[in-house]
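Coordinates in review
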Amino acid sequence: MSHKIGVIGGDGIGPEVIAEALKVVRATGVSLDTVDYDLGGARYLRDGTILPDSVLDEWRGLDALLLGAVGTPDVPPGVIERGLLLKMRFDLDLYINQRPFLDADAGIDMVVIRENTEGPYVGEGGALRRGTPHEVATQGSVNTRMGVERCVRYAFDLAESRSRKHLTLVHKTNVLTFAGDLWQRTFDEVAADHAGVGTAYNHVDAACIYFVQDPQRYDVIVTDNLFGDILTDLGGAVSGGIGFASSGNLNPARTGPSMFEPVHGSAPDIAGQAKANPTAAVLSAAMMLDFLGEADAAARIRKACADPSAQTGSTSQVGDALAARV
Ligand code: IPM
Ligand code: MN
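Notes on the structure in this doc start here. (Residues numbered from 1 in each chain as written. Chains lettered and ligands numbered in written order. Predicted model: local features only at pLDDT ≥ 70, side-chain atom pairs only at ≥ 80, totals over all residues. Heavy atoms only, no water.)

**Notes on the nonpolar core**
Counting 59 residues, the largest nonpolar core has Leu66, Ile113, Leu167, Val222 and Ile301 as the members making the most contacts within it. It is helix α9 (residues 279-291) that contributes the most residues to this core, nine residues altogether. Counting 19 residues, the second-largest nonpolar core is a separate cluster that includes Trp59, Val75, Ile80 and Met259. (Core = buried A, V, L, I, M, F, W, Y, C linked by side-chain atoms within 4.5 Å. Buried < 20%, exposed > 50% of the residue type's maximum accessible area, 1.4 Å probe, protein only. Helix = DSSP H or I, 4+ residues; strand = E, 2+ residues; numbered from the N terminus.)

**Topic: the packing of helix α1 (residues 14-27) against α9**
Relative orientation of the contacting elements α1 and α9 amounts to 45 degrees, with a least axis distance of 8 Å. Looking at the two axes, α1 sits oblique to α9. In terms of crossing hand, the pair formed by α1 and α9 is right-handed. On α9, the residues touching Val17, Ile18, Glu20, Ala21, Val24 and Val25 of α1 are Ala281, Val282, Ala285 and Leu289. (Axes fitted to C-alpha atoms, helices over the stretch in contact; angles between N-to-C directions. Parallel < 35°, antiparallel > 145°, perpendicular 65-115°, else oblique. Left-handed = near helix turned anticlockwise from the far one by under 90°. Contact = heavy atoms within 4.5 Å.)

**So, the site of ligand 1**
By nearness alone, every residue bordering ligand 1 is listed as Glu81, Leu85, Arg89, Arg99, Arg114, Tyr121 and Asp229. Within the side chain of arginine 114, a nitrogen or oxygen atom sits 2.7 Å from an oxygen atom of ligand 1. Here tyrosine 121 contributes a side-chain N or O atom positioned 2.6 Å from an oxygen atom of ligand 1. The protein chains hide 76% of the 320 Å² of surface that ligand 1 would expose on its own. If you tally residues by element for the shell around ligand 1, the top one is helix α4 (residues 79-91), at three residues. Residues belonging to the shell around ligand 1 are distributed by class as follows: two nonpolar, no polar and five charged. (Near = heavy atom within 4 Å. Polar contact = N/O pair within 3.5 Å; in protein donor to acceptor, adjacent residues only side chain to side chain. Areas by Shrake-Rupley, 256 points an atom, 1.4 Å probe, with all protein chains shown as cover. Nonpolar A, V, L, I, M, F, W, Y, C, P; charged D, E, K, R; others polar.)

**A word on the packing of aromatic side chains**
In this description, a pair of aromatic rings is defined by centroid distance and the angle of the planes. Summed over the entire model, instances satisfying the criterion amount to four aromatic pairs. Measuring from centroid to centroid gives 5.5 Å for tyrosine 37 and tryptophan 59, while their planes differ by 85 degrees, and the two rings are edge-to-face. Taken as a pair, tyrosine 37 in the loop between β2 (31-36) and α2 (41-47) and tryptophan 59 in helix α3 (residues 53-59) lie far apart in primary sequence, 22 residues in all. With a relative accessible area of 12%, tyrosine 37 lands in the buried category. Note on tryptophan 59: relative accessible area 0%, which makes it buried. With centroids separated by 6.0 Å and ring planes inclined at 55 degrees, the aromatic side chains of phenylalanine 260 and phenylalanine 291 adopt a geometry described as tilted. Here phenylalanine 291 lies in helix α9 and phenylalanine 260 lies in strand β12 (residues 258-262), a separation of 31 residues in the sequence. (Phe/Tyr/Trp six-rings, centres within 6.5 Å; stacked < 30°, edge-to-face > 60°.)

**Here's the deal with helix α8 (residues 225-238)**
With 14 residues, α8 ought to run about 20 Å at 1.5 Å a step, and its terminal C-alpha atoms sit 20 Å apart, in line with that. Those residues of α8 that fall on the buried side of the exposure criterion are Asn225, Phe227, Gly228, Leu231, Thr232, Gly235 and Gly236. One face of α8 carries all of its buried residues, which in axial projection span an arc of 160 degrees. Check the buried side of α8 and you find it contacts β4 (96-103), β5 (108-115), β8 (166-171), α7 (204-213) and β10 (220-223). Two or three places before leucine 226, at the opening of α8, aspartate 224 has a side-chain oxygen 3.3 Å from that residue's backbone nitrogen. Phi turns positive one or two residues past the end of α8, at glycine 240, with a value near 100 degrees. (Expected span 1.5 Å × (residues − 1). Arc of directions from axis to C-beta.)

**A closer look at the sheet that holds β2**
Spatial strand order, β2-β1-β3-β12-β11-β4-β5-β10-β8-β9: ten strands in an open sheet with mixed pairing. Edge positions in the sheet fall to β2 and β9 (198-203), since each of these pairs with one other strand and no more. The mean angle between the axes of side-by-side strands here comes to 25 degrees, regardless of whether they run parallel or antiparallel. Two strands pair when backbone bridges link them, and β8 and β9 are joined in this way by six bridges, in the parallel orientation. Opposite histidine 171, over in β9, you have histidine 203 as the bridge partner. Taken strand by strand, α8 contacts β4, β5, β8 and β10, and its axis lies near 160 degrees from that of β5. Packed onto the sheet, α9 meets β1 (2-10), β2, β3 (64-69), β4, β11 (246-250) and β12 and runs at close to 160 degrees relative to β12. (Pairing = 2+ DSSP bridges.)

**Description of the pairing of β8**
The buried count for β8 comes to five of six residues, which makes it a mostly enclosed element. In the classification by handedness, the crossover that spans β8, the intervening helix α6 (residues 177-192) and the parallel β9 is right-handed. (Right-handed = clockwise from strand over helix to strand, strands pointing away.)

**Side note on the pattern of salt bridges**
If the charged atoms of two oppositely charged side chains come close together, the side chains can form a pair. Inspection of every chain in the model, using the stated rule, returns 21 salt bridges. Here aspartate 47 and arginine 43 are joined by a salt bridge, their closest N and O atoms 3.0 Å apart. Placement of the pair is aspartate 47 and arginine 43 together in helix α2, with a separation of four residues, close to one helical turn. Overall, aspartate 47 belongs to the partly exposed group, its relative accessible area being 46%. Through salt bridges with shared partners, a single network forms among Arg145, Glu149, Arg153, Glu189 and Asp193. (Salt bridge = Lys/Arg side-chain N within 4 Å of Asp/Glu carboxyl O.)

These results come straight from atomic positions and should not be treated as a statement about function.
And the structure:
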């Protein structure tokens with residue numbers, strides 16, 4: 001059986017790392033039927049296209065989406081991020097952003113579950129009297145009981161399936177008292193249904209210290225959209241580097257395709273030089289295989305990525321070395 005995958009290479013190093021991810025997946029023997037979508041900053045600069053509704057409709061019929069990275073310095077901030085990446089997350093209801101961090105040598109094995117459709121990312125707010133001395137800007141954070149609960153439930157279920165069975169809520173309940181109260185109460189209520197899972201709470205600023213000084217303490221972490229964005233860059237930095245950080249934007253209800261992408265961006269400064277490490281994209285493709293029921297191929301890819309001897313040379317040399325090991 002072949003899986004129908006939409007591929008968005010995107011900008012900068014995106015297409016380079018995605019080519020290697022597809023190479024490694026195909027080397028496992030899993031069959032992919034791919035459809036390429038030329039989207040991102042470069043396409044926008046060429047003809048103004050960001051994400052047509054017709055493309056979104058096509059995607060609804062696919063098994064998964066694999067994305068490299070989008071964004072170019074020549075496009076104002078937000079145009080591609082909001083119009084493409086966040087539109088995908090919102091319109092396809094990819095409400096879980098799952099970001100694992102594994103560094104066996106350092107003893108790090110944690111997964112951040114980032115809420116992916118709410119918080120300050122919704123685009124609530126606006127500007128008044130822009131460009132004047134009396135300028136005002138507001139940017140609200142939206143937290144719904146439904147959105148928080150489905151995220152927290154997913155995180156508890158994941159923690160329950162792992163050997164350490166531990167879940168930490170990360171928030172800022174001492175300052176963001178309205179949103180924090182909703183998150184904390186929801187967390188406590190769902191915890192009552194999961195007696196086998198140990199729990200903890202950390203303020204996000206303290207969690208940053210623990211990420212640097214003692215990341216081994218964490219098993220599963222659940223947090224809101226913006227805290228999760230920041231914490232997962234830090235998670236990458238402390239567990240082998242952002243070149244290894246993978247993610248799945250999941251629709252666990254499976255009402256449509258889920259989307260898999262490396263945590264890193266398009267890195268225009270190193271694009272076209274064959275310098276980018278494709279491992280984050282390869283590991284994201286492994287998450288995709290897991291989600292598609294190809295657990296054996298996914299495990300072989302993860303094992304290959306953990307072998308330091310594969311990690312030398314150019315983008316395609318690393319891809320070849322990984323492909324040879326699966
Ligand atoms: C990420 C990225 C995105 C985010 C940007 C590009 C909109 O930083 O996936 O972490 O903030 O979610
Ligand atoms: Mn980010």
